[in-house]
Amino acid sequence: MMMVTITSAVLGAAGYALAPHLLDLMGVAPDVYAGALGFMRVSFVGIIFVFAYGMFQALMRGVGETKTPLMIVSEPCC
C-alpha cells in the first residue's frame, strides 16, 4: 500500500510540474494552452485518488468482498 501511495504521489507531482513541457511537446495551440494546462494539472493531482481506489478495490476483492467496490461505481437503479 505504501508503494502505491508513494508511486502515485511521485507521478502526480512529476506530471503537475512537467505539464507545461508536455503541452509544448504535443504542440498545443496557444488559444487552448491555458485550459489544457489546467486540465492536465487537475488530472495529475487526481492520479493519487485513482490509484487509491484501485488499491482499495484490489484489497476488497482479495478478502472476498466484491460487492462494496461494485456499489461504489454503479449507478443507483430507478
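Our subject is the structure that appears above.
All figures in this text were calculated on a predicted structure; none of them were measured in a lab.

Engineer: Where do I start with the nonpolar core in this structure?
Structural biologist: Soluble globular proteins tend to bury their nonpolar side chains together. Membership of the largest hydrophobic core is limited to six residues, which are Ala-19, Leu-23, Leu-37, Met-40, Phe-44 and Ile-47. The set of elements that each furnish at least two residues to this core consists of α1 (2-26) and α2 (30-62). Per element, the largest residue contribution to this core is four residues, and it comes from α2.

Engineer: Teacher, can you tell me more about the packing of aromatic side chains here?
Structural biologist: What characterises a pair of aromatic rings is the spacing of the ring centres plus the angle enclosed by the ring planes. Evaluated as defined, the whole model comprises one aromatic pair. On the numbers, 6.3 Å between centres and 40 degrees between planes, the contact of Tyr-53 with Phe-56 is tilted. Residue Tyr-53 and its partner Phe-56 are located together in helix α2, separated by three residues, close to a single helical turn. For Phe-56, a relative accessible area of 30% translates into the label partly exposed. Positioned above the aromatic ring of Tyr-16, the side-chain terminus of Arg-41 is 4.6 Å from the ring centre.

Engineer: Whenever I open this one, α1 confuses me. Can you help?
Structural biologist: Every α-helical turn comprises 3.6 residues, leaving residues that sit three or four positions apart pointing alike. Its maximal kink placed at Leu-18, α1 deviates by approximately 55 degrees, while the proline Pro-20 follows within four residues. For α1, every residue scored as buried is listed here: Ser-8, Gly-12, Gly-15, Ala-19, Pro-20 and Leu-23. For α1, the secondary structure elements touched by its buried residues are α2. After α1 finishes, the residue Gly-27 shows a positive phi value of roughly 70 degrees.

Definitions and cut-offs
- Residues numbered from 1 in each chain as written.
- Predicted model: local features only at pLDDT ≥ 70, side-chain atom pairs only at ≥ 80, totals over all residues.
- Heavy atoms only, no water.
- Core = buried A, V, L, I, M, F, W, Y, C linked by side-chain atoms within 4.5 Å.
- Buried < 20%, exposed > 50% of the residue type's maximum accessible area, 1.4 Å probe, protein only.
- Helix = DSSP H or I, 4+ residues; strand = E, 2+ residues; numbered from the N terminus.
- Phe/Tyr/Trp six-rings, centres within 6.5 Å; stacked < 30°, edge-to-face > 60°.
- Lys NZ or Arg CZ within 6 Å of the ring centre and 35° of its normal.
- Bend = angle between axes of the 7 residues up to and from the residue.
- Contact = heavy atoms within 4.5 Å.

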